[in-house]
Amino acid sequence: MKRILYTALICCTAVLTPSCVDDLNQYPHTETTSESIYHTPESYFQVLAKIYTSMVTNGQEKNGSADLSTNNGQDYSRCFFNLQEVCTDEVAYTWLSGENLTDINNLSWDANDSWVSDMYYRIYYNIALCNEFLRNATEESIASFSAEDQNTIRQYRAEARFLRALFYYHAMDFFRNIPFVTENDPVGSYIPPRYTAQQIFDFIEDELTDLTEGSNLLLDRADCPYGRASKGAAYTLLAKMYLNAEVYINEAKYTECITACNNAIAQGYSLETDYSKLFNADNHLRTNEIIFTLPIDATTTVSWGAGTYMVCGAISNTSTAQQPADYGAANGWGNMRIRQTASEVFDPDDRRGMFFKEGQTQEVTAMDDQSTGWLVTKWTNLTDDGQSASNTAENGANTDYPLFRLADVYLMYGEAVARGGQGGNATTAMGYVNELRERAFGNTSENVTEADLNTDFYLDERCRELYWESTRRTDLIRFNRFTTADKLWEWKGGSSSGTSVDSKFNIYPIPSTELTANPNLYNENY
């Protein structure tokens, strides 16, 4: 799955809602019929590969035209990171005005924000890819294939359903009440209805439950090829949704979160002994801990988001002390650092706090000054033996971007227990947390007791373990710390010392172009 299959350009780019096609000039670059694509089992796999790589590539070819015309010209993973991290204490972004990220940094966006719009249309483009695949993977459509090939395509169908559930989860998390369309809806001038967050939640839950317990199952972890979705990924996504259920649907589902975490853990994952190896160019070898990842490859699946963004974007292009070659990069982009409010939660002996400090102040006193705020060195383009894996100046990095890790499941389990969920216990939660801390400190000196495991502990521990892994915004909202004065950081709300903002910023607005095109949609408070 690290190789993009260039022959898989498919007609599903044309099946978005009229707003997606007309208002933002989003179009397919070739005229291709479904009959000419879905004619062999191999072609189904090629289309499935297209859906997977749509999270990390802009288009079909390395330096060719993008599949989707967008404001900022960036792929799904880069949009996702920016909307999850740049607005939080974990990222101080240098080139705010140059990359149109001032509103995201300041928590002051509106329905015309370019990054919000790009994320929205990226999500629905990917949903359209999934829907078109599923329209052509029905039992009737595959009846002419051999029994073995039919079973193979049914497996692909399960993966496409998981990916669609993931995209709908992202849409719900960002936008809450959203348009809903499946493979059963008409193609063309169909105007999707507005579904509430409760309806979307129920749909995702039903899909993931069927994919793990029903008749059309995802593969177990042991049988699932790297880069593809297994039952472990589905259980992890369920756990994430249940952990945040009070935010989404005003109903606590911590017991269900614990069950989903237990099911994910039962798939047989284990922690990687060296934290840093989870984020280097050989991290595709860490299938013991990484549950679901976004693979990129500097030869065949080139991305300026995902791992490349993490590696090059974190290296200064003004510092004379930091050398890009030390991280396997040809040069640094100087995009981002970490704010003091996040970096100060790390103990000096915590190996997870991977920061370049020479010539850097810890406090971010100016967003456009790269010398303020520590530089994050968590991500590298180095192989296990310390060699650069690719030329980032030409093709990007070889470092994959983990979306789901066992460490996250451990922390979700513990937080759900701390919030009163049943089916788990504090002793087990303490054991999971101490596994993480023993890896972080190299010994048991910083182990915690059950008395330490309150919810505030978990917010800080999630920062220490998962910073820059696109969880922070969702976490802060769950703890009621994102828009409120209960947690301030440098330049929150555009103020140097931080300030609270309107609670409406807990949800991104559906783009105004979409509201114009679809009369079923509206934004509360925007």
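Report follows, based on the coordinates. Because the structure is predicted, anything quoted here is derived from the model rather than measured. Residue positions are given per chain, counting from 1 as you read along its sequence in written order. Local features are withheld for residues below a pLDDT of 70 in this predicted model, meaning they are given only at 70 or higher, and side-chain atom pairs are given and counted only at 80 or more; totals for whole chains, interfaces and linings count all residues. Derived side-chain values reflect all non-hydrogen atoms in the structure, with water molecules and hydrogen atoms excluded from consideration.

With a 1 Å grid spanning the protein atoms alone, the term cavity applies to any set of points in which a 1.4 Å probe fits but cannot get out, the term pocket to an open set with protein on both sides within 12 Å along at least five of seven lines, and the term lining residue to any residue with an atom within 4 Å of a point. Grid points are joined across faces, edges and corners, and a volume is the space filled by probe spheres set on the points. Looking at the largest pocket, its volume works out to about 350 Å³. Every residue lining the largest pocket is counted, 27 residues in all, and those nearest its centre are Arg176, Asn177, Val247, Asn506 and Ile507. Of all the secondary-structure elements, those providing two or more residues to the lining of the largest pocket are helix H10 (245-249) and helix H17 (472-478). It is H10 that contributes the most residues to the lining of the largest pocket, three residues altogether. Under this grouping Gly is polar, as are all residues other than the nonpolar Ala, Val, Leu, Ile, Met, Phe, Trp, Tyr, Cys and Pro and the charged Asp, Glu, Lys and Arg. In the lining of the largest pocket, the residues fall into 13 nonpolar, eight polar and six charged. Secondary structure elements follow DSSP: runs of H or I no shorter than four residues count as helices, runs of E no shorter than two count as strands, and numbering proceeds from the N terminus.

Mapped onto the fold, Ala418 is located in helix H14 (residues 406-418). Between the C-alpha atom of Ala418 and that of Thr455, which follows or precedes it by 37 residues, the distance is 6.2 Å. Whether two residues touch is decided by their heavy atoms; if any such pair falls within 4.5 Å, the residues are in contact. Every residue in contact with Ala418, bar those within four places of it in the chain, is listed here: Leu453, Thr455 and Tyr458.

The subject of this paragraph is the nonpolar core. By nonpolar core is meant a set of buried Ala, Val, Leu, Ile, Met, Phe, Trp, Tyr and Cys residues that side-chain atoms within 4.5 Å join together. Buried, partly exposed and exposed residues are distinguished by accessible area as a fraction of the type maximum, computed with a 1.4 Å probe on protein chains only: under 20%, between the cut-offs, and over 50%, respectively. Counting 157 residues, the largest nonpolar core has Phe133, Phe162 and Phe292 as its most contacted members. At 15 residues, helix H7 (residues 147-175) tops the list of elements feeding residues into this core. When sequence neighbours within four positions are dropped, the list of residues in contact with Phe162 reads Leu208, Leu211, Leu218, Ala229, Ala233, Ala234, Leu237, Phe292 and Phe404.

The phi torsion at Trp468 lies on the positive side, around 65 degrees, for a residue other than glycine. Residue placement: Trp468 occurs in the loop between helix H16 (455-466) and H17. Residue classification places Trp468 among the buried residues on the basis of a relative accessible area of 0%.

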